[in-house]
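Structural description and commentary
Below, each chain spelled out in residue letters.
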Amino acid sequence: MMKWVIGNWKMNGLGAALTEVEKIAEGAAAQRPEVVLMICPPATLVASMADKCAATAVSVGGQDCHAAESGAHTGDIAAEMLADAGAVAVILGHSERRTDHGETSQEVRAKTHAAWRAGLTPIVCVGETEAERDAGRAEAVVEEQLAASLPDTLPDQTREDLIVAYEPVWAIGTGRVPTDADISAMHLKVRQHLEARYGKVGSAVPILYGGSMKPENAGAIMAIAHVDGGLVGGASLKADSFLAIAAAAAMATNG
Ligand code: PGA
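The rules behind each value
Residues numbered from 1 in each chain as written. Predicted model: local features only at pLDDT ≥ 70, side-chain atom pairs only at ≥ 80, totals over all residues. Heavy atoms only, no water. Pairing = 2+ DSSP bridges. Helix = DSSP H or I, 4+ residues; strand = E, 2+ residues; numbered from the N terminus. Axes fitted to C-alpha atoms, helices over the stretch in contact; angles between N-to-C directions. Core = buried A, V, L, I, M, F, W, Y, C linked by side-chain atoms within 4.5 Å. Buried < 20%, exposed > 50% of the residue type's maximum accessible area, 1.4 Å probe, protein only. Contact = heavy atoms within 4.5 Å. Near = heavy atom within 4 Å. Polar contact = N/O pair within 3.5 Å; in protein donor to acceptor, adjacent residues only side chain to side chain. Areas by Shrake-Rupley, 256 points an atom, 1.4 Å probe, with all protein chains shown as cover. Nonpolar A, V, L, I, M, F, W, Y, C, P; charged D, E, K, R; others polar. Parallel < 35°, antiparallel > 145°, perpendicular 65-115°, else oblique. Left-handed = near helix turned anticlockwise from the far one by under 90°. Expected span 1.5 Å × (residues − 1). Right-handed = clockwise from strand over helix to strand, strands pointing away. Salt bridge = Lys/Arg side-chain N within 4 Å of Asp/Glu carboxyl O.

Moving on, we come to the sheet that holds strand β3 (residues 58-62). Sheet architecture is closed into a barrel: 8 strands sit in the order β1-β2-β3-β4-β5-β6-β7-β8, paired in parallel fashion. Mean inter-strand twist for the sheet, computed between neighbouring axes without regard to direction, equals 25°.

If you look at the biggest cluster of nonpolar residues, it comprises 67 residues, and the most contacted ones within it are Val 5, Leu 162 and Val 164. At 8 residues, the largest contribution of residues to this core is made by helix α10 (residues 239-251). Among residues more than four places away in sequence, those in contact with Val 5 are Val 35, Val 36, Leu 37, Met 38, Met 222, Gly 230, Val 232, Phe 242, Ile 245, Ala 246 and Ala 249. By size, the runner-up hydrophobic cluster in this structure holds 12 residues, among which are Ala 89, Ile 123, Cys 125 and Ile 163.

What follows concerns unusual backbone geometry. Phi is positive for Lys 10, close to 50°, though the residue is something other than glycine. One can find Lys 10 in the loop between β1 (3-8) and α1 (18-28). Here the phi dihedral of Ser 212 falls at roughly 55°; this positive angle occurs in a residue that is not glycine. Checked against the element boundaries, Ser 212 lands in the loop between β7 (207-210) and α9 (215-222).

To continue, consider the site of the ligand. The ligand sits among 13 residues. The nearest are Lys 10, His 94, Glu 167, Gly 173 and Ser 212. In the environment of the ligand, an oxygen atom lies 2.8 Å from a nitrogen or oxygen atom belonging to the backbone of Gly 233. Notes on the ligand: free accessible area 280 Å², of which the protein chains cover 97%. Of the residues contributing to the shell around the ligand, the split by class is 4 nonpolar, 7 polar and 2 charged.

Closest axis-to-axis distance for the α1/α10 pair is 9 Å, and the angle between their directions is 30°. Classified by the angle between their axes, α1 and α10 sit roughly parallel to one another. Two packed elements cross with a definite hand, and for α1 against α10 that hand is right-handed. Side by side, α1 and α10 meet where Glu 20, Lys 23, Ile 24, Gly 27 and Ala 28 of the first sit next to Ala 239, Phe 242 and Leu 243 of the second.

Take helix α5 (residues 105-117) next. In a regular helix each residue adds 1.5 Å, so 13 residues correspond to 18 Å; α5 covers 18 Å between its end C-alpha atoms and thus fits that length. One or two positions beyond α5, positive phi appears at Gly 119, with a value near 85°.

Another point: the environment of Arg 98. With respect to the helices, strands and loops of the structure, Arg 98 is situated in helix α4 (residues 95-100). Along the primary structure Arg 98 and Cys 125 are separated by 27 residues, whereas in three dimensions their C-alpha atoms are 9.8 Å apart. A distance of 3.1 Å separates polar atoms of two side chains, one belonging to Arg 98 and the other to Ser 149.

A few words on the pairing of strand β2 (residues 35-40). Extensive coverage of β2 is indicated by the burial of 5 of its 6 residues. Strand direction decides the pairing type here: β1 and β2, joined by 6 bridges, are parallel. Bridge assignment links Asn 8 to a residue of β2, and that residue is Cys 40. Handedness of the crossover joining β1 and β2 through α1 is recorded here as right-handed.

A complete count under the given rule lists 18 salt bridges for this structure. Arg 109 is the partner of Asp 152 in a salt bridge, and the nearest nitrogen-oxygen pair spans 3.7 Å. Taken together, the residues span a long stretch of sequence, with Asp 152 in the loop between α7 (138-149) and β6 (163-166) and Arg 109 in helix α5 at a distance of 43 residues. Ionic pairing is found between Arg 133 and Glu 128, a salt bridge with its closest N-O pair at 2.7 Å. Shared partners join several salt bridges into a network, and the residues in it are Asp 64, Arg 97, Glu 103 and Lys 111.

So, to be careful, I would describe these as geometric facts and stop short of saying anything about function.
Here you go:
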């Protein structure tokens, strides 16, 4: 059984932070191959981080891309540019982008196609707000986001080239996490959606949990059915905590 541990550095990290990724790469050498390790730094660090991580067990991803391949879109970055810089994946539809930039699920779907066009694995994020959960709408909201953010067909119907991350907005950066039962129920819903949509291939799409994942809670969360890993924000900025989460993921691979 594989696990994915993906760090989302958000808008954190200058060139000096590459020393941290060197430590992560050193630690990753001792990791089990069943654990996929990736860091998604700010766009300014993608190329230098990809250089540092070449020939290591750590891969590099972007945090967003534009749907178009090129053109008059000041400040935006094409999926092709991320791939050219050495990225292998890209986070799409993170709640901070949905909130800060008004990104819609339809835009996320277009960006997912762009990622595939460029040969990147899309990491599509969904998750409810606290008000939506309190109103008993968490599953409905996630279902709506999945329906609209994910394309109807995968580019290759025999292979999953997609990662989904369930990130309850109220758990991001807050130190609060849902109960194991709530995570379990939501991940099962996401799995059912993927299987209904993509058939057998949908059973193999990794579903990551994100939102205040830390070394202390990672082991328990990773052990929940249909949790195939974590999308880690704050705890991915330091090698020690990121590697501790990777170690917890390794324990959960049952190998
Ligand atoms: P957090 O962020 O781990 O700092 O809560 C997770 C995310 O937003 O991807």
